[in-house]
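Residue-level listing of the chains:
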Amino acid sequence: KNEVEQSPQNLTAQEGEFITINCSYSVGISALHWLQQHPGGGIVSLFMLSSGKKKHGRLIATINIQEKHSSLHITASHPRDSAVYICAGNYGGSQGNLIFGKGTKLSVKP
Amino acid sequence: NAGVTQTPKFQVLKTGQSMTLQCAQDMNHEYMSWYRQDPGMGLRLIHYSVGAGITDQGEVPNGYNVSRSTTEDFPLRLLSAAPSQTSVYFCASRAFWYGYTFGSGTRLTVV
């Protein structure tokens, strides 16, 4: 069965801390996505990865194909980063089924 | 504004009723998809389409029907609503080498 697992499930941090969220997946994904779901419910795509590392502002996403593992890092965290972060993998080709992790709820305290 | 538009935002149905959730995008994306989000289950793919006239089933297709007659529109039909279909529904589109653009969601309650 194609699976995507995230850890931790919940994460509380102090403003300014460096944050890491982990994602492991089973064989066969063609692309890995990181999504952010705001407290109001909207979902935003942060990164799409098939190899290596991507950076956007204070967010960094990495993927290790051999270890079937991806990480999302947030540097200098801020209360506005509080959201649910979701990892998802494309199985069956880059346009195929998207399988989601259950999400990591991040709360950043001032 | 460019993006994915979902309607309605909220809907209450009685068991057995049918309805259509609308999804439209103006970015000329080939790929469109529908998801449901339930507490403790996360997001799950219902149906997807890789272009006009082409649709396929996702993880949880039962009770739902889709068609894709144009690039822009991808409606989701509930044939006979059941309480188990109470959920938040998201539509998304995607160009081939890019990430997903999600609609704002539809909160559906079936009583």
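See above for the structure.
Numbering of residues starts from 1 in each chain and follows the order in which that chain's sequence is written. Lettering of chains starts at A and numbering of ligands starts at 1, both following the order in which they are written. For this predicted model, a pLDDT threshold of at least 70 governs which residues receive local features, and a threshold of 80 or more governs which side-chain atom pairs are given and counted, while totals over whole chains, interfaces and linings are taken from all residues. Hydrogens and water are ignored here; the side-chain numbers use all heavy atoms of the structure.

### What about the overall build of chain A?
- Only DSSP runs of H or I covering at least 4 residues are called helices, and only runs of E covering at least 2 are called strands; the numbering of each starts at the N terminus. When you go through chain A residue by residue, the secondary structure sums to zero helices and eleven strands.
- Helices and strands appear in chain A in the N-to-C order β-β-β-β-β-β-β-β-β-β-β.
- By its C-alpha atoms, chain A is 40 × 25 × 20 Å across when sized along the principal axes.
- In chain A, 54% of the contacts between residues at least 6 apart in sequence involve partners at least 24 apart.
- Note on areas: Shrake-Rupley, 1.4 Å probe, and residue coverage restricted to the protein chains presented here. Summing over all exposed atoms, chain A offers an accessible surface of approximately 5,300 Å²; the carbon and sulfur share of this is 50%. Residue contacts are counted whenever heavy atoms from the two residues lie within 4.5 Å of one another.

### Let's talk about the packing of aromatic side chains
- In summary, the pairing rule links any two rings of Phe, Tyr or Trp, Trp by its six-membered ring, whose centres are within 6.5 Å, and it sorts them by plane angle into stacked for under 30 degrees, edge-to-face for over 60 and tilted for everything else. Here the structure, examined in full by the defined rule, presents six aromatic pairs over all chains.
- Centroid distance Phe-100 of chain A to Tyr-35 of chain B: 5.2 Å. Interplanar angle 90°. Geometry classified as edge-to-face. One end of the pair, Phe-100 of chain A, is in strand S10 (residues 98-100); the other, Tyr-35 of chain B, is in strand S4 (residues 31-38), on a second chain. Exposure class is identical for Phe-100 of chain A and Tyr-35 of chain B. Each is buried.
- Between Tyr-31 of chain B and Tyr-100 of chain B, the ring centres sit 5.8 Å apart and the planes meet at 75°, which makes this aromatic pair edge-to-face. Residue Tyr-31 of chain B is found in strand S4, and its partner Tyr-100 of chain B is found in strand S10 (residues 100-102); the two are separated by 69 residues along the sequence. Taken individually, Tyr-31 of chain B and Tyr-100 of chain B each receive the classification buried, so the pair is uniform in this respect.
- Members of the aromatic cluster, each reached through a chain of ring pairs, are Phe-100 of chain A together with Tyr-31, Tyr-35, Tyr-48, Tyr-100 and Phe-102 of chain B. Each residue gets one of three labels from its accessible area relative to the maximum for its type: buried under 20%, exposed over 50%, partly exposed in between, using a 1.4 Å probe on protein chains only.

### Comments concerning the sheet that holds strand S8 (residues 76-78) of chain B
All names here are of chain B.
- Taking strand neighbours across the sheet as the criterion, the four strands line up as S1-S3-S8-S7 in an open arrangement whose pairing is antiparallel. Of all the strands in the sheet, just strand S1 (4-7) and strand S7 (64-66) have a single pairing partner and so form its edges. For this sheet, the mean angle separating the axes of adjacent strands, direction not counted, is 20°.
- Pairing of S7 with S8 involves three bridges; the strand directions are antiparallel. Bridge assignment links Val-66 to a residue of S8, and that residue is Leu-76. Note on pairing: two strands pair once DSSP finds at least 2 bridges between them. Here, axes are lines fitted to C-alpha atoms. For helices the fit covers the stretch in contact, and angles between N-to-C directions go from 0 to 180 degrees.

### Some remarks on the interface of chain B and chain A
- Taken together, the 22 residues of chain B in the interface contact 17 residues of chain A.
- When two parts are put together, the accessible area they lose, computed with a 1.4 Å probe and summed over both, is reported as buried area. Buried area between chain B and chain A, summed over both chains or domains, comes out near 1,700 Å², and the portion from carbon and sulfur atoms is 59%.
- Polar contacts here mean pairs of N or O atoms no more than 3.5 Å apart (in protein, one a potential hydrogen donor and the other a potential acceptor; neighbouring residues in sequence count only if both atoms are side-chain atoms). Seen at the junction of chain B and chain A, the total is three residue pairs in polar contact (both at pLDDT 80 or more).
- Mapped onto the side of chain B that touches chain A, the elements with two or more residues apiece are S4, strand S5 (42-51), strand S9 (87-94) and S10 of chain B.
- Here the side of chain B that touches chain A gets five residues from one element, more than from any other, and that element is S5 of chain B.

### Side note on the pattern of salt bridges
- A pair is scored as a salt bridge if a Lys or Arg side-chain nitrogen falls within 4 Å of a carboxyl oxygen belonging to Asp or Glu. Using the criterion set out here, one finds three salt bridges over all chains in the structure.
- Between Arg-58 of chain A and Asp-81 of chain A there is a salt bridge whose closest N-O contact spans 2.8 Å. With Arg-58 of chain A in the loop between strand S6 (52-56) and strand S7 (59-64) and Asp-81 of chain A in the loop between strand S8 (69-74) and strand S9 (83-91), this residue pair connects regions lying 23 residues apart in the sequence.
- The buried category is assigned to Asp-81 of chain A, whose relative accessible area is 6%.
- The residue Asp-38 of chain B makes a salt bridge to Arg-36 of chain B at a minimum N-O spacing of 2.8 Å.
- Assessed through its relative accessible area of 10%, Asp-38 of chain B is described here as buried.
- Connected through salt bridges with shared partners, the residues Arg-36, Asp-38 and Arg-44 of chain B form a single ionic network.

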